Amino acid sequence: MSVDSIAPMNTEKPFYDKLTLTLHWVTALIVIFLFASSQIWEQLERGTFWRKTLQSLHISFGITLAAIIIIRLIWRATAGKKLPAASSSLFMHRVAKLTHWALYLLLIAQITLGFLFRWAQGEPFMFFGFFTVPDIFSIDPMLRHTFGMLHFYTAWTIIILAGLHACAALFHHYVLRDDTLRRMIPPTK
């Protein structure tokens, strides 16, 4: 076997399990909402109802995303369905793996920065109005700007990388005409 290729393990058309698919698409939707909400509220006047509502939803969905990422990592490490490489190219396979892990690391960093930024603001934050997330660290308020900027730039990095990830899936589907994208869409009966 050539160093530049990976032999397919079988000829069946594999799909990921339902939980993996659900977690993937819920993550994508939440990330899009989080990014869009932050862009929208920046256009709104400070102190307005809609700005505060978007910020509150942003925080709550950020906490939700933290739980989903933890579940995804545990599921992936334990029971999640493992599939053979989608591409016969070793290079493309390695780029895909690197992209997936980079997205995981960026999401973890973004969630952490979000918590640190909020704690540095010294304001309590609620999870959909049900409970307040406690300030478990005493973050120096002088770091607020630093955490805010890091949170901002990490968000853009995630959006760009996720956009490239989506473009690669579409390239596989429409140009290479392989099953890469279909693996992430629930099979129809």
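Small disclaimer: the values here were computed from a predicted structure and weren't measured. (Residues numbered from 1 in each chain as written. Predicted model: local features only at pLDDT ≥ 70, side-chain atom pairs only at ≥ 80, totals over all residues. Heavy atoms only, no water.)

Right, let's talk about the overall build of the protein chain for a bit. The secondary structure content of the protein chain amounts to 4 helices and 2 strands. Listed by position from the N terminus, the elements making up the protein chain come as α-α-α-β-β-α. Entry remark: accessible area of the protein chain is about 12500 Å², with carbon and sulfur atoms responsible for 70%. (Helix = DSSP H or I, 4+ residues; strand = E, 2+ residues; numbered from the N terminus. Areas by Shrake-Rupley, 256 points an atom, 1.4 Å probe, with all protein chains shown as cover.)

Turning to the packing of helix α3 (residues 90-121) against helix α4 (residues 144-176), a few remarks are in order. Look at α3 against α4: their axes get within 8 Å of each other, and the N-to-C directions meet at 155°. Our classification of the angle between α3 and α4 gives roughly antiparallel. For α3 against α4, the interelement crossing comes out left-handed. Its residues assigned to classes, the contact of α3 with α4 comprises 16 nonpolar, 11 polar and 1 charged. (Axes fitted to C-alpha atoms, helices over the stretch in contact; angles between N-to-C directions. Parallel < 35°, antiparallel > 145°, perpendicular 65-115°, else oblique. Left-handed = near helix turned anticlockwise from the far one by under 90°. Nonpolar A, V, L, I, M, F, W, Y, C, P; charged D, E, K, R; others polar.)

Within this structure, the stated rule accounts for 1 salt bridge. One salt bridge connects Arg118 with Glu123, and the closest N-O pair in it is separated by 3.3 Å. A residue is classified by how much of its surface remains accessible, and Arg118, at 16% relative accessible area, is buried. (Salt bridge = Lys/Arg side-chain N within 4 Å of Asp/Glu carboxyl O. Buried < 20%, exposed > 50% of the residue type's maximum accessible area, 1.4 Å probe, protein only.)

It is worth spelling out the packing of aromatic side chains at this point. Working definition: an aromatic ring pair is given by the centre-to-centre distance plus the angle between the planes. With the rule as written, the count across this model stands at 11 aromatic pairs. Through a chain of ring-to-ring contacts, three or more aromatic side chains come together here, namely Phe33, Phe61, Phe127, Phe128 and Phe131. (Phe/Tyr/Trp six-rings, centres within 6.5 Å; stacked < 30°, edge-to-face > 60°.)

Let us now look at α4. Helix length check: α4 (33 residues) gives 46 Å between terminal C-alpha atoms against 48 Å at 1.5 Å per residue, within 8%. Where α4 is concerned, the buried positions are Phe147, Gly148, His151, Thr154, Ala155, Ile158, Leu161, Ala169, His172 and His173. Positive phi shows up at Arg177, right after α4, with a value of about 55°. (Expected span 1.5 Å × (residues − 1).)

Per-residue confidence for the protein chain averages 87 on the pLDDT scale, and 88% of its residues sit at or above 70. Counted against residues more than four places away or in other chains, residues 1-11, with its pLDDT under 50, gives 14 contacts. (pLDDT = per-residue confidence, 0-100. Contact = heavy atoms within 4.5 Å.)

Right, let's talk about the environment of Thr27 for a bit. Position of Thr27 relative to the elements: it lies in helix α1 (residues 18-41). The class of Thr27 is buried, set by a relative accessible area of 4%. Distance from Thr27 to Leu65, taken between C-alpha atoms, is 6.7 Å for residues 38 residues apart in sequence. Setting aside its immediate chain neighbours within four residues, Thr27 contacts Leu65, Ile68, Ile69, Arg72 and Leu107.

This paragraph deals with a nonpolar patch on the surface. On the surface, Phe152, Tyr153, Trp156, Ile160 and Leu164 cluster together into a nonpolar patch covering about 530 Å² of accessible area. Note that Phe152 resides in helix α4. Classification of Phe152 by relative accessible area gives partly exposed; the value is 37%. (Patch = residues over 30% accessible without salt bridge, like charges linked within 9 Å, V, L, I, M, F, W, Y side chains within 5 Å.)

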